Amino acid sequence: MKNLMVRFLKDESGATAIEYGLIAAGISVIIIGSVNSIGGKLGTAFSTINTNLN
């Protein structure tokens, strides 16, 4: 039983999967923030161009 507990405590495969999940979540938050920022600026630019063309 002691040997089983030692192996369980040394097993880090689940921790690695969680770390990759956290990295992916962080990257997705950065991408979403960038797209929202750029999208707002593009919308303003196209509105200005549309106003100037009319």
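Treat the numbers as computed from the prediction; the structure is a model and nothing was measured.

Our focus in this paragraph is the overall build of the chain. Of regular secondary structure, the chain possesses 2 helices and 0 strands. The C-alpha radius of gyration of the chain comes to 24 Å, more than 25% above the 10 Å expected for a compact globule of 54 residues. For the C-alpha atoms alone, the extent of the chain along its principal axes is close to 80 × 10 × 10 Å. Scored against the burial criterion, the 54 residues of the chain give a buried share of 0%. Per element, the accessible surface of the chain, about 5000 Å² overall, is 69% carbon and sulfur.

As a further point, take the environment of isoleucine 49. Within the secondary structure, isoleucine 49 sits in helix α2 (residues 13-53). Look at isoleucine 49 and you get partly exposed, because its relative accessible area is 44%.

What counts as what
- Residues numbered from 1 in each chain as written.
- Predicted model: local features only at pLDDT ≥ 70, side-chain atom pairs only at ≥ 80, totals over all residues.
- Heavy atoms only, no water.
- Helix = DSSP H or I, 4+ residues; strand = E, 2+ residues; numbered from the N terminus.
- Rg over C-alpha atoms; globule rule 2.2 N^0.38 Å.
- Buried < 20%, exposed > 50% of the residue type's maximum accessible area, 1.4 Å probe, protein only.
- Areas by Shrake-Rupley, 256 points an atom, 1.4 Å probe, with all protein chains shown as cover.

Bear in mind that shape data such as this cannot, by itself, settle questions of function.
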